[in-house]
Amino acid sequence: MEEKTTPHLQRKIRDGSNAIARQFQMQSETNGNVEPNDPLGEETLFSPVKGIVHKYPNRVLWKTTYRCAAHCQFCTRVRQIGSPEGDLEDNDIASALYYIEAHPEIDDVILSGGDPLVVPQISMRIIAGLRNIPSVRVVRIGTRLPIHSPKSISSLYMKRLFKELQACTDNFQTYVLVHVNHPDELDYEVVDAIRTIRSYGFPVLSQTVFLKAVNDNEEALEELFKKLYYMGVTPYYIYRCDYVKGLEQFVCDIESEREIMTMLHKRMSGIALPRYIVDVEGVGKIPVPLGFWDVPDINHCQDYQGKTIQL
Ligand SMILES: *Cc1c(COP(=O)(O)O)cnc(C)c1O
Ligand code: SF4
């Protein structure tokens, strides 16, 4: 995966944000020769048609493209990002729509990638198709464009796309999921871009990845989740960084992650706290237990002050 940033990110790196530099600048320690794997079995185990990952019975992930406005150096899909191979032809879109229609148990479609907002015309066609499938009740847009290039959110293409989604309200509910990892990312331009998305009436949620030397400390995450909460964005997930070959320098120690999330649970509102998840290869998302219970003994737990409670 080549290095790719945007003028917005470049400016923030110049202004001294180490958290952003580390996410987007190629690390010298990265071994460019390793062959990255497919840690979640997306291609091998769960893809019935091009672009679709069907792992959980009622929801599918649809990779609308492999392109992103900037390349996150820790990306789970490092093997694909930036490649034109992810571009969908009309017949790929038709096959995927046919698959979804033929599986009425699917009520929830997650547009992902790559970044679906980087290919608005493709996303428009997908949305127009999903609108005609009555079993689809939720469409989620997973994006990082507001962070990479906040100004793009007010482009004409985006406006058309959001209006189209708004017009689908009777068919399905739209949610927007923004990937954000550090409070440095939430400057006033980004806040404004997210406000624009919210002005169309879509609930906005966030997703975060635990990243070594970026956000693996209580202060950074507390500030991030509070900033999101204050602006009306619900923190949804925080993931363990996937075990992708070549990305080891980003993976944090699971015990310190657990400790950080446990500490945050002691002092923050539940609304501001994302679910802490590990995505296990070939399996799926599993919640990581926090330090409140002495598993496997579930007759005792601890309160927020650390006092043991007999149940
Ligand atoms: C994460 C994911 C989903 C969505 O999971 P939710 O828990 O509903 O957010 C769906 N499909 C795949 C393949 C995923 O990785
Ligand atoms: S925006 Fe998402 S898909 Fe694109 S490079 Fe970053 S993490 Fe990967």
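Residues numbered from 1 in each chain as written. Chains lettered and ligands numbered in written order. Predicted model: local features only at pLDDT ≥ 70, side-chain atom pairs only at ≥ 80, totals over all residues. Heavy atoms only, no water.

Focus: helix α4 (residues 120–130)
Phase 1 of the analysis: Looking only at α4, the buried set comprises P120, I122, S123, I126, I127, G129 and L130.
Phase 2 of the analysis: Turning to α4, the residues buried within the fold contact β2 (59–63), α3 (90–102), β3 (108–112), β4 (138–143) and α6 (156–167). (Buried < 20%, exposed > 50% of the residue type's maximum accessible area, 1.4 Å probe, protein only. Helix = DSSP H or I, 4+ residues; strand = E, 2+ residues; numbered from the N terminus. Contact = heavy atoms within 4.5 Å.)

Remarks on the site of ligand 1
Phase 1 of the analysis: Ligand 1 sits among V53, K55, Y56, R59, L61, I110, R140, Y236, Y237 and K285.
Phase 2 of the analysis: At a separation of 2.5 Å, an oxygen atom of ligand 1 approaches a polar side-chain atom of R59.
Phase 3 of the analysis: Relative to its free-state accessible area of 390 Å², ligand 1 is covered by the protein chains to the extent of 91%.
Phase 4 of the analysis: Listed by contribution, the elements that provide at least two residues to the shell around ligand 1 are β1 (52–56), β2 and β7 (234–239).
Phase 5 of the analysis: A total of 3 residues in the shell around ligand 1 trace back to one element, the largest contributor, which is β1.
Phase 6 of the analysis: Tallied by class, residues from the shell around ligand 1 come to 6 nonpolar, no polar and 4 charged. (Near = heavy atom within 4 Å. Polar contact = N/O pair within 3.5 Å; in protein donor to acceptor, adjacent residues only side chain to side chain. Areas by Shrake-Rupley, 256 points an atom, 1.4 Å probe, with all protein chains shown as cover. Nonpolar A, V, L, I, M, F, W, Y, C, P; charged D, E, K, R; others polar.)

Focus on the pattern of salt bridges
Phase 1 of the analysis: Taken as a whole, this structure holds 16 salt bridges when the rule is applied.
Phase 2 of the analysis: Of the charged contacts, one joins R131 and E164 as a salt bridge, the two residues approaching to 3.9 Å between their closest N and O atoms. Taken together, the positions of R131 in the loop between α4 and β4 and E164 in helix α6 put the pair 33 residues apart, joining distant regions of the chain.
Phase 3 of the analysis: Residue E164 is classed as partly exposed on the basis of its relative accessible area, which comes to 22%.
Phase 4 of the analysis: Among the salt bridges present, the one from E222 reaches R267, with a minimum N-O distance of 2.8 Å. Of this pair, E222 sits in helix α8 (residues 218–230) while R267 sits in helix α9 (residues 254–267), and the two are 45 residues apart along the sequence.
Phase 5 of the analysis: A relative accessible area of 15% means that E222 is categorised as buried.
Phase 6 of the analysis: What you see here is one network of salt bridges that share partners, running through E218, E222, K226 and R267. (Salt bridge = Lys/Arg side-chain N within 4 Å of Asp/Glu carboxyl O.)

Looking at the packing of α4 against α6
Phase 1 of the analysis: Here α4 crosses α6 at 10°, and the two axes come no closer than 10 Å. Put simply, α4 runs roughly parallel to α6. Residues P120, Q121, S123, M124, I127 and A128 of α4 pack against Y157, M158, R160, L161, E164 and L165 of α6.
Phase 2 of the analysis: Grouping the constituent residues of the contact of α4 with α6 by class yields 8 nonpolar, 2 polar and 2 charged. (Axes fitted to C-alpha atoms, helices over the stretch in contact; angles between N-to-C directions. Parallel < 35°, antiparallel > 145°, perpendicular 65-115°, else oblique.)

Considerations on the sheet that holds strand β9 (residues 284–287)
Phase 1 of the analysis: With mixed pairing, 9 strands are arranged side by side in an open sheet as β1-β2-β3-β4-β5-β6-β7-β8-β9. Looking at the sheet topology across the chains shown, the edges are occupied by β1 and β9. The sheet shows a mean angle of 25° between the axes of neighbouring strands, taken without regard to direction.
Phase 2 of the analysis: Bridging between strand β5 (residues 173–179) and strand β6 (residues 204–209) involves 4 bridges; their strand directions are parallel. (Pairing = 2+ DSSP bridges.)

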